[in-house]
Amino acid sequence: MQVSAYLWNKNQKLSGTLDVSEQGVVFSFQDFEKSNLQLNIPFSKIEKVELYSVFDLAQNGLKIKTTEGMEDDFVVENTKRIKREIDFFIKKR
């Protein structure tokens, strides 16, 4: 599954593509599409996926917490579907 998304730190957002596949979750930055710069989160390192509201308006926030204590926030459409997809792969590991 591949969707348009923003990597978000509550102050800045970086546009790109969020790809959920059997290998893990990969965020590719739109402004660096011709480079190797990516955020790669293998399922073996994902501890938890949470949904949240952005600016208390719409629940289009997706937080991925890793076993290493890192957190990555994404703003996407269809958060429930993406969370189900990630949870499916996490249970398969």
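A brief look at the structure comes next. (Residues numbered from 1 in each chain as written. Predicted model: local features only at pLDDT ≥ 70, side-chain atom pairs only at ≥ 80, totals over all residues. Heavy atoms only, no water.)

Details of the nonpolar core
Line of reasoning, step 1. If you look at the biggest cluster of nonpolar residues, it comprises 19 residues, and the most contacted ones within it are L18, V25, F43, I46, L62, F74 and I86.
Line of reasoning, step 2. Those elements that provide at least two residues to this core are strand 1 (2-8), strand 2 (13-21), strand 3 (24-29), strand 5 (46-54), strand 6 (58-66) and helix 1 (79-92).
Line of reasoning, step 3. Per-element accounting of this core gives the leading share, four residues, to helix 1. (Core = buried A, V, L, I, M, F, W, Y, C linked by side-chain atoms within 4.5 Å. Buried < 20%, exposed > 50% of the residue type's maximum accessible area, 1.4 Å probe, protein only. Helix = DSSP H or I, 4+ residues; strand = E, 2+ residues; numbered from the N terminus.)

Considerations on the environment of K10
Line of reasoning, step 1. Looking at the element boundaries, K10 is found in the loop between strand 1 and strand 2.
Line of reasoning, step 2. Classification of K10 as partly exposed rests on a relative accessible area of 47%.
Line of reasoning, step 3. Through-space distance from the C-alpha of K10 to that of N40 is 20 Å; in sequence the pair is 30 residues apart.
Line of reasoning, step 4. Among residues more than four places away in sequence, those in contact with K10 are Y52, K63 and D73. (Contact = heavy atoms within 4.5 Å.)

Examining unusual backbone geometry
Line of reasoning, step 1. Its identity as a non-glycine residue notwithstanding, N78 has a phi of 65°, on the positive side.
Line of reasoning, step 2. Of note, N78 is situated in the loop between strand 7 (71-75) and helix 1.

Here we look at the sheet that holds strand 5
Line of reasoning, step 1. Sheet architecture is open: seven strands sit in the order 4-3-2-1-7-6-5, paired in antiparallel fashion. Edge positions in the sheet fall to strand 4 (38-42) and strand 5, since each has one partner strand and no second. Going from strand to strand, the sheet's axes swing by 30° on average, the running direction of each strand aside.
Line of reasoning, step 2. As paired strands, strand 2 and strand 3 are joined by six bridges and run antiparallel to one another. When the sheet's bridge partners are listed, L18 is paired in strand 3 with F27. (Pairing = 2+ DSSP bridges. Axes fitted to C-alpha atoms, helices over the stretch in contact; angles between N-to-C directions.)

Considerations on the pairing of strand 6
Line of reasoning, step 1. With seven bridges joining them, strand 5 and strand 6 adopt antiparallel strand pairing. When the bridges of strand 6 are listed, V49 appears paired with I64.
Line of reasoning, step 2. Joining the antiparallel neighbours strand 5 and strand 6 is a turn of three residues, in which F55 adopts a positive phi near 55°.
Line of reasoning, step 3. With five bridges connecting them, strand 6 and strand 7 associate as antiparallel partners. Counterpart to L62 in the pairing with strand 7 is F74.
Line of reasoning, step 4. Connecting strand 6 to the next strand, strand 7, in antiparallel fashion are four residues, including G69 with a positive phi near 85°.

Regarding the packing of aromatic side chains
Line of reasoning, step 1. Scanning the entire structure with this criterion turns up four aromatic pairs.
Line of reasoning, step 2. Through a chain of ring-to-ring contacts, three or more aromatic side chains come together here, namely F27, F29 and F74.
Line of reasoning, step 3. The ring of Y6 carries the charged tip of K13 above its face, separated from the ring centre by 4.6 Å.
Line of reasoning, step 4. Between K63 and the ring centre of Y52, over which it is positioned, the NZ or CZ distance is 5.6 Å. (Phe/Tyr/Trp six-rings, centres within 6.5 Å; stacked < 30°, edge-to-face > 60°. Lys NZ or Arg CZ within 6 Å of the ring centre and 35° of its normal.)

None of the figures reported here should be taken as evidence of function without further support.
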